[in-house]
Amino acid sequence: MTQAEFNSYRFDARHEPSDEQLGQLMENAAEKVRETNRESDVKFFEELRRASEAAKARVINQSKTS
């Protein structure tokens, strides 16, 4: 299935996808999920680093004022 065919494919109750089409649709969906997961992981760890640095800064500031 070409990319153009994949992009134009629509599920239709009258016509089921072939095994090849279904496999390609499932693989493309899985790749999108993997990409979204990678992006989410990057964002999560960036936020975790920022929170960690902020916590370290608070501890340092508290120890300086004590």
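Above this note sits the structure.
Residues numbered from 1 in each chain as written. Predicted model: local features only at pLDDT ≥ 70, side-chain atom pairs only at ≥ 80, totals over all residues. Heavy atoms only, no water.

A few points about the overall build of the chain
Looking only at helices and strands, the chain features 2 helices and 0 strands. Here the C-alpha radius of gyration of the chain, 24 Å, is well above what a compact globule of 66 residues would show, namely 11 Å. Taken along its principal axes, the extent of the C-alpha atoms in the chain is 75 × 20 × 15 Å. Within the chain, the proportion of its 66 residues that are buried is 8%. Looking at the chain as shown, the accessible area adds up to about 5900 Å², and 55% of this sits on carbon and sulfur atoms. Positive and negative charge centroids in the chain, built from 11 and 13 side chains respectively, lie 13 Å apart. (Helix = DSSP H or I, 4+ residues; strand = E, 2+ residues; numbered from the N terminus. Rg over C-alpha atoms; globule rule 2.2 N^0.38 Å. Buried < 20%, exposed > 50% of the residue type's maximum accessible area, 1.4 Å probe, protein only. Areas by Shrake-Rupley, 256 points an atom, 1.4 Å probe, with all protein chains shown as cover. Lys, Arg positive; Asp, Glu negative; His and termini not counted. Charge placed at Lys NZ, Arg CZ, Asp CG, Glu CD.)

Remarks on the pattern of salt bridges
Scanning the model with the defined rule gives 5 salt bridges in all. Measuring nitrogen to oxygen at the nearest pair gives 3.1 Å for the salt bridge that ties E31 to R38. For E31, a relative accessible area of 33% corresponds to the partly exposed category. A salt bridge links E47 to R50, with the nearest nitrogen and oxygen atoms 3.2 Å apart. Taken together, the residues span about one helical turn, with E47 and R50 both in helix α2 (residues 19-65) at a distance of 3 residues. For E47, a relative accessible area of 43% corresponds to the partly exposed category. (Salt bridge = Lys/Arg side-chain N within 4 Å of Asp/Glu carboxyl O.)

So, the packing of aromatic side chains
Counted by the stated rule, this structure contains 1 aromatic pair. Taking 5.0 Å as the distance between ring centres and 80° as the angle between the ring planes, the aromatic pair formed by F44 and F45 counts as edge-to-face. (Phe/Tyr/Trp six-rings, centres within 6.5 Å; stacked < 30°, edge-to-face > 60°.)

What about the environment of R34?
Turning to its location among the elements, R34 is positioned in helix α2. Here the alpha-carbon distance between R34 and S52, two residues 18 residues apart in the chain, equals 27 Å.

Taken by themselves, the reported measurements are silent on function.
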